[in-house]
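Letter by letter, the chains look like this.
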Amino acid sequence: MNDDVRNIVLGVAATALSGGFGWFFRTYLWRRALRRKQAFFGLPTGSDCLFVVNRQMGGTDSSLHRNDAFALLEISALIKDCGANVQIVTHDAARQGFGERAEFCVGGPVSNARTTAHLASMLPGVRVDLSTEAGPDRGAIQVGGETYRWEKGVAEYVLLARLTGGRDSRPVFLLSGQTANSNQAAARYLARHHTRLAREYRNGSFCIVLKVVNSDAYGPDVTELAADVTGAARTPAAAAA
């Protein structure tokens, strides 16, 4: 074997070795990221989860607002990435506890009875104005001594929470917005920032308030963190007072 042939063989071998190492390293990083995503959402491969949908305000019991359907699509993509299966149920048909399966519950307490139950049992420090008449406090979210009021087309607020009943229980993700647009904004925020949320809260429970800015112009795209109300939301309002 002359020097030219030897150099070619060595070059091919080095290329194959570096390519194989690069493939292995990328696969390792991808699998590690997938395991962390699955741990955060409580969705190991092949597991089942529950998606609880609300009803459209002013519509029939079986109707769903377009933006809430978009929220379903946002979260369904996350579920598919984790290799899990989803069961979609309406809010008044979800007759079961929590912890055995991961759950995504979308909609405020006015349109979602299961949200009402979750707020009462797991976020007793949160109060939501349930009035249907027009007024400045309609749909307002009260928590931690602050009131987050809905200003149509200008500012909308949504609670985004990850709630767990114990170490081995699967989480409940609550997206309780003042509007269907804010529900979709919370789903999009969760999809984009789940890595940071998992790192910041160490896969534990949290409750944050998100503000959707100028929805008339930007829809659900411009969302900012208004407050972290984890402690206040989990403390009964009477005790906090």
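Notes on the structure in this doc start here.

What counts and how
- Residues numbered from 1 in each chain as written.
- Predicted model: local features only at pLDDT ≥ 70, side-chain atom pairs only at ≥ 80, totals over all residues.
- Heavy atoms only, no water.
- Phe/Tyr/Trp six-rings, centres within 6.5 Å; stacked < 30°, edge-to-face > 60°.
- Helix = DSSP H or I, 4+ residues; strand = E, 2+ residues; numbered from the N terminus.
- Buried < 20%, exposed > 50% of the residue type's maximum accessible area, 1.4 Å probe, protein only.
- Core = buried A, V, L, I, M, F, W, Y, C linked by side-chain atoms within 4.5 Å.
- Contact = heavy atoms within 4.5 Å.
- Pairing = 2+ DSSP bridges.
- Axes fitted to C-alpha atoms, helices over the stretch in contact; angles between N-to-C directions.
- Polar contact = N/O pair within 3.5 Å; in protein donor to acceptor, adjacent residues only side chain to side chain.
- Expected span 1.5 Å × (residues − 1).
- Bend = angle between axes of the 7 residues up to and from the residue.

Looking at the packing of aromatic side chains
Applying the stated criterion across every chain yields a total of eight aromatic pairs. Ring geometry for Phe41 against Phe104: centres 6.2 Å apart, planes inclined by 40 degrees, an arrangement best described as tilted. Taken together, the residues span a long stretch of sequence, with Phe41 in helix α1 (residues 3-41) and Phe104 in strand β3 (residues 102-106) at a distance of 63 residues. Under the relative-accessibility criterion, Phe104 is labelled buried at 0%. Where Phe41 meets Phe173, the ring centres are 5.3 Å apart and the plane angle is 45 degrees; that geometry is what we call tilted. One end of the pair, Phe41, is in helix α1; the other, Phe173, is in strand β8 (residues 172-177), and 132 residues separate them in sequence. Neither Phe41 nor Phe173 differs from the other in exposure class; each is buried.

Things to note about the nonpolar core
Phe41, Leu43 and Phe104 are the most contacted members of the largest nonpolar core, which has 30 residues in total. Among the elements of the structure, α1, β1 (48-53), α2 (66-81), β3, β7 (155-163), β8, α4 (180-201) and β9 (206-213) are those that each provide at least two residues to this core. Among the elements that take part in this core, α4 stands out by supplying seven residues, more than any other. Apart from residues lying up to four places away in sequence, Phe41 is in contact with Leu78, Cys82, Ala102, Phe104, Pro171, Phe173, Leu190 and His194. Within the second largest apolar cluster, 24 residues are counted, among which are Val126, Val143, Leu159 and Val172.

Section: the sheet that holds strand β2 (residues 85-90)
Across the sheet, seven strands lie side by side as β2-β1-β3-β8-β7-β9-β10; this open sheet has mixed pairing. Here the strands that pair on one side only, and so sit at the sheet edges, are β2 and β10 (223-228). The average angle at which neighbouring strand axes cross in this sheet is 20 degrees, direction not considered.

Description of the pairing of β8
Counted residue by residue, β8 has six buried out of six residues, so it is predominantly covered. Bridge count between β3 and β8: four bridges; the pairing is parallel. Considered in β8, the bridge of Val106 is made with Leu175. Note: β7 against β8, six bridges, orientation antiparallel. Opposite Leu160, over in β8, you have Leu175 as the bridge partner.

A word on the sheet that holds strand β4 (residues 127-128)
A sheet is described by the order of its strands in space; here three strands give the open sequence β4-β5-β6, paired in antiparallel fashion. Looking along the sheet, the strands with just one partner apiece sit at the ends: β4 and β6 (146-148). The sheet contact formed by β4 and strand β5 (residues 141-143) spans two bridges and is antiparallel. Bridge pairing in β5 links Val128 to Ile141.

Some points on the side chain of Thr230
In this structure, Thr230 sits in helix α6 (residues 230-233). Of the polar contacts made by the side chain of Thr230, one reaches the backbone nitrogen of Cys207; its length is 3.0 Å. What Thr230 contacts, discounting residues up to four positions off in sequence, is Tyr201, Ser205, Phe206 and Cys207.

Re α4
The terminal C-alpha atoms of α4 lie 26 Å apart, and with 22 residues this falls more than 12% below the ideal 32 Å at 1.5 Å per residue. Along α4, the helix axis deviates most sharply at His193, where the bend reaches about 70 degrees. Arg202, located one to two residues past α4, shows a positive phi value of around 50 degrees.

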